[in-house]
Amino acid sequence: MPAISRYRRATLVVACVFVSGHPVWAGQPKTHQVDISAFKFLPERVIVRVGDTILFVNKDLVPHTATAQEASWDTGEIRGGAEKAYKFEQVGRFVYICRYHPAMQGVVEVKP
Amino acid sequence: VKHTFKPVHSFVAIAVFRPIRTLGDAFMNRRTAIPSLLLAACLVPALPANAQDASKLNDTEIAHVVVNADEIDIRYAHLALALTRNPAVREFAQTMIRDHTAVTEQASALAKKLNLTPKDNAVSQDLLKKSEALVADMRKLDGAAFDRRYAENELAYHKFVNGAVEKVFIPNAKNAELKALLQAGLKTFQAHEAHAEMMVGAVK
């Protein structure tokens with residue numbers, strides 16, 4: 001195969017890999033679901049990749065929030081029976097709570 | 001009747017549907033009951049005059065008691081917001097208003113759907129009467145003394161309500177949707193009880 005062809009192909013691959021900031025091998029961003037039920041985040045620990053979204057579904061009667069303990073992110077109030085999505089853009093391990101019911105706690109681990 | 005009174009919550013739960021013969025009997029029978037009895041007697045503001053009435057309520061009356069109990073706790077919370085300067089107590093009171101309002105809204109929506117009109121009854125009236133006396137009493141307090149009283153009452157009140165909902169109202173409710181709402185409400189009130197327990201420790 002001529003050298004120029006290999007160069008073009010490599011350029012194309014690199015362009016594909018980094019489009020939208022997501023390596024191709026990481027797949028498309030996903031949406032994960034965390035249920036809020038009986039004053040618990042279920043599952044309590046979720047592992048996602050940068051760019052993934054978590055849909056918090058409140059199955060309780062009362063409002064809740066999902067709020068990073070160090071306050072870097074917050075879904076705001078999620079009324080009973082409602083849901084809210086949050087997209088994770090930063091790598092890290094986040095312990096989060098419900099601001100209204102601080103005994104509720106979950107963990108989100110965001111991988112590169 | 002032999003009761004085991006060691007944990008306060010057991011006492012409260014039993015008190016919902018088994019009136020104690022006399023405090024004196026309990027003191028004579030169980031020395032270990034004394035601290036629990038004293039604590040419960042001091043803290044529980046709203047034991048029905050005739051606790052056996054609670055087990056005879058129909059669905060419309062159960063709905064009335066539950067909504068009434070929500071409104072009473074909202075009233076306590078508004079009093080707390082007016083009197084406390086403690087941020088943790090304020091946050092708790094705001095949560096009580098938010099959550100009990102949500103439960104009341106759900107109960108009202110269900111009542112409307114079922115075409116059920118909550119019916120006033122002796123248990124509701126007794127709860128209300130005793131809560132009024134308690135509000136008058138708490139209104140005289142200030143600062144840390146109020147915070148302690150409010151926190152202790154919230155713990156005792158939720159223990160009492162949870163005992164009634166779990167042991168009397170859920171088993172006795174006939175309508176399946178009302179029963180489901182009571183079960184969901186119980187989860188909420190149990191979380192409040194745990195939260196109140198944390199608050200009692202924090203304001204000591």
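Residues numbered from 1 in each chain as written. Chains lettered and ligands numbered in written order. Predicted model: local features only at pLDDT ≥ 70, side-chain atom pairs only at ≥ 80, totals over all residues. Heavy atoms only, no water.

The helix and strand inventory of chain A stands at one helix and eight strands. When the elements of chain A are put in sequence order from the N terminus, they spell out α-β-β-β-β-β-β-β-β. Within chain A, the proportion of its 112 residues that are buried is 38%. Relative to all contacts within chain A whose residues are 6 or more apart in sequence, the contacts with residues 24 or more apart total 46%. (Helix = DSSP H or I, 4+ residues; strand = E, 2+ residues; numbered from the N terminus. Buried < 20%, exposed > 50% of the residue type's maximum accessible area, 1.4 Å probe, protein only. Contact = heavy atoms within 4.5 Å.)

Tallying the contact residues gives ten residues for chain A and 14 residues for chain B. The junction of chain A with chain B conceals about 1100 Å² of combined surface from both sides, 70% of it contributed by carbon and sulfur atoms. Three residues, A:Phe39, A:Leu61 and A:Tyr100, lead the burial of chain A against chain B; their summed loss comes to 52% of the area buried on that side. In this structure, the connection of chain A to chain B is made through one salt bridge. Linking chain A with chain B are two residue pairs in polar contact (both at pLDDT 80 or more), by the criterion used here. Counted by class, the side of chain A that touches chain B contains seven nonpolar, one polar and two charged residues. (Buried area = accessible area lost by both parts, 1.4 Å probe. Salt bridge = Lys/Arg side-chain N within 4 Å of Asp/Glu carboxyl O. Polar contact = N/O pair within 3.5 Å; in protein donor to acceptor, adjacent residues only side chain to side chain. Nonpolar A, V, L, I, M, F, W, Y, C, P; charged D, E, K, R; others polar.)

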